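# An overview of the molecular structure
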Amino acid sequence: MALVRVFAPQGREFFDLFEEAAANAVRAADFLDQMLAFYPDRADLSRDIVVCEQNGDRITHDLVQRLNSTFVTPIEREDILALASALDDIVDLIDEVADYLGLYAIEAPMEQSQRLAHILVQATRQIAEAMPRLRNFQDIRHYTVEINRLENDGDRTVRDAVASLFHGGIDPMVVIRWKDIFERLEEAIDACEHVANTLESIVIKNA
């Protein structure tokens, strides 16, 4: 692996793109957090989230293009693809949540959705803080432990949220709509944990 690092001077471009993708995920999560905190007044933030989703697709495309044109890569090719895909999944799921809010004509957010959006922001920020350490394959366990804690918090919040939908005589259509939204929020937080696990695997493999 030392030889790979010596003969891959352009490898830093992969790390630049990974850090850009992580920052893009933070922006998308921040927009969703604000959107749900002030919904429906800030429903317009869905347009900013779409821009983040398009930017995420562009970054993934750039990573794949660079992978196809680079003979020696700083980390294994399958790891580059796995990390690129996992980072893109976060933003795609955030975009789905924003889309569902409009598609389902949600009038006001449930408190649990606001909490989940805030957990998602925290998880993406941990990823963004951990990502620069990938350049030198530094230990990132501090970040992965925190993301795992946040994921567990998200799971508990989703369970409580779904349970609350089936109490109090809520309209079945409202139940279906919010269940979909909660599940997408949970998947977005799970995607953050997947990124963290992928990062940790790469670091361990290359340390």
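Treat the numbers as computed from the prediction; the structure is a model and nothing was measured.

As a further point, take the packing of aromatic side chains. Going through the model one piece at a time under the given rule, you end up with two aromatic pairs. Centre to centre, the rings of Tyr100 and Tyr104 are 5.2 Å apart; their planes meet at 50°, and the pair counts as tilted. Tyr100 sits in the buried class, given a relative accessible area of 15%. Between the aromatic rings of Trp178 and Phe182, the centroid separation amounts to 5.4 Å while the plane-to-plane angle is 35°, which identifies the pairing as tilted. In this pair, Trp178 and Phe182 are both assigned in helix H7 (residues 172-206), four residues apart and thus about one turn of the helix distant. Of the residues examined, Phe182 reaches a relative accessible area of 0% and is grouped as buried.

This brings us to the pattern of salt bridges. This model, assessed by the stated rule, comprises 16 salt bridges. A salt bridge links Arg66 to Glu13; the nearest nitrogen and oxygen atoms lie 2.5 Å apart. Within this pair, whereas Arg66 is found in helix H3 (residues 45-69), its partner Glu13 is found in helix H2 (residues 12-37), the two being separated by 53 residues in sequence. Exposure remark for Glu13: the relative accessible area of 26% places this residue in the partly exposed category. Residues joined by salt bridges that share partners form a network here, namely Asp16, Glu19 and Arg135.

With that out of the way, let us pick up unusual backbone geometry. In this chain, Tyr39 is followed by Pro40 through a cis amide linkage whose omega measures 5°. One non-glycine residue, Ala105, adopts positive backbone phi at about 50°. Relative accessible area serves as the criterion here: at 56%, Ala105 is assigned to the exposed category. Even without being glycine, Phe137 reaches a positive phi, approximately 55°. Among the secondary structure elements, Phe137 is positioned in the loop between helix H5 (111-130) and helix H6 (141-165).

Attention shifts here to the nonpolar core. Of all hydrophobic cores here, the largest spans 68 residues; its most connected members are Phe18, Leu32, Leu83, Ile127, Met131, Leu134 and Ile181. Those elements giving two or more residues to this core turn out to be H2, H3, helix H4 (77-103), H5, H6 and H7. Considering each element in turn, this core owes the most residues, 14 residues, to H7. In this structure, Ile127 is in contact with Ala22, Leu87, Ile90, Ile147, Cys192 and Val195, ignoring residues within four places of it in sequence.

Looking now at the side chain of Thr70. Its place among the elements puts Thr70 in the loop between H3 and H4. Apart from residues no more than four positions distant in its own chain, Thr70 is found in contact with Phe14 and Arg77.

Rules and cut-offs
Residues numbered from 1 in each chain as written. Predicted model: local features only at pLDDT ≥ 70, side-chain atom pairs only at ≥ 80, totals over all residues. Heavy atoms only, no water. Phe/Tyr/Trp six-rings, centres within 6.5 Å; stacked < 30°, edge-to-face > 60°. Buried < 20%, exposed > 50% of the residue type's maximum accessible area, 1.4 Å probe, protein only. Helix = DSSP H or I, 4+ residues; strand = E, 2+ residues; numbered from the N terminus. Salt bridge = Lys/Arg side-chain N within 4 Å of Asp/Glu carboxyl O. Core = buried A, V, L, I, M, F, W, Y, C linked by side-chain atoms within 4.5 Å. Contact = heavy atoms within 4.5 Å.

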